[in-house]
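Below, each chain spelled out in residue letters.
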Amino acid sequence: DGLTFVNYYADVDGDTYGNALSSVSSCNGAPSGYVADATDCNDGNAAVNPAAAEVCNGIDDDCDGTADDGLTFLTYYVDGDGDGYGDASATGVSSCSPVAGSVTNNGDCNDGNAAINPAATEVCNGIDDNCNGSSDEGLTFVTYYADVDGDTYGNAASSVSSCSGADRKST
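Structure report, in brief. From a predicted model like this one, the values you see are computed outputs, not experimental measurements.

Let us now look at the pairing of strand β4 (residues 74-78). Direction of pairing for β4 relative to strand β5 (residues 93-95): antiparallel, over a ladder of 3 bridges. If you follow Thr 75 over to β5, its bridge partner there is Ser 94. Bridge count for β4 against strand β6 (residues 102-103) is 2 bridges, and the pairing is antiparallel. Of the residues in β6, the one forming a bridge with Tyr 77 is Val 103.

Right, dumping it as structure tokens:
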């Protein structure tokens, strides 16, 4: 009979890419709602097709078999105290979009106290305020000597070094 039949594929979402699992053969061109391209991986969503740009959504937007491929992923760490520094002991979460309550650094040595973080100023308190592994560094320490008899002369054998002043219990 000399007729040439061509397969056409249902294009339910109207994105000009059809569903390979739903086809008809026709010698009179594509029926309404059908296209010659059978490469749509989700014919229920016009935003998902081989020409779509991949976006961070956990979906294979461009029908190449991989979700979120080609996007930049960062590691996010919980920031429990909201100081802009993540918990140094927390396991990070890789994501191509920001994670609520998390940041991309994990330098906070005490994520329960916003005053303690890598940008904090060290203060005289015996705590590592700036998360560098040392407490009270960079502060001025003075040696105080016990003056048990109150004559304003201290005992060289009994002293304390402090950045906050003499300990009244030892005077």
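With respect to topology, 3 strands assemble into an open sheet ordered β5-β4-β6, the strand pairing being antiparallel. The two strands at the open ends of the sheet, each matched to only one other strand, are β5 and β6.

This part takes up the environment of Ala 156. With respect to the element layout, Ala 156 can be found in strand β8 (residues 155-162). Assessed through its relative accessible area of 68%, Ala 156 is described here as exposed.

The final tally for this structure, using the stated rule, is 4 disulfides. The disulfide that involves Cys 41 links it to Cys 63, with 2.1 Å between the sulfurs. As the torsion about the S-S bond is roughly -75°, the Cys 41-Cys 63 disulfide counts as left-handed. A residue pair is termed long-range when its members are at least 10 positions apart, and Cys 41 in the loop between β3 (34-35) and β4 and Cys 63 in the loop between β3 and β4 qualify at 22 residues. Assessed through its relative accessible area of 44%, Cys 41 is described here as partly exposed. Sulfur-sulfur distance for the disulfide between Cys 124 and Cys 163 comes to 1.8 Å. Its S-S torsion of about 90° marks the bond between Cys 124 and Cys 163 as right-handed, since a negative value means left-handed. Separated by 39 residues along the polypeptide, Cys 124 in the loop between β6 and β7 (142-146) and Cys 163 in the segment after β8 bring together distant segments of the chain. Ordinal numbering of bonded cysteines along the protein chain defines a disulfide pattern of 1-3, 2-4, 5-7, 6-8.

Conventions used here
Residues numbered from 1 in each chain as written. Predicted model: local features only at pLDDT ≥ 70, side-chain atom pairs only at ≥ 80, totals over all residues. Heavy atoms only, no water. Pairing = 2+ DSSP bridges. Helix = DSSP H or I, 4+ residues; strand = E, 2+ residues; numbered from the N terminus. Buried < 20%, exposed > 50% of the residue type's maximum accessible area, 1.4 Å probe, protein only. Disulfide = S-S within 2.5 Å.

Function cannot be inferred from these measures alone, as they are strictly geometric.
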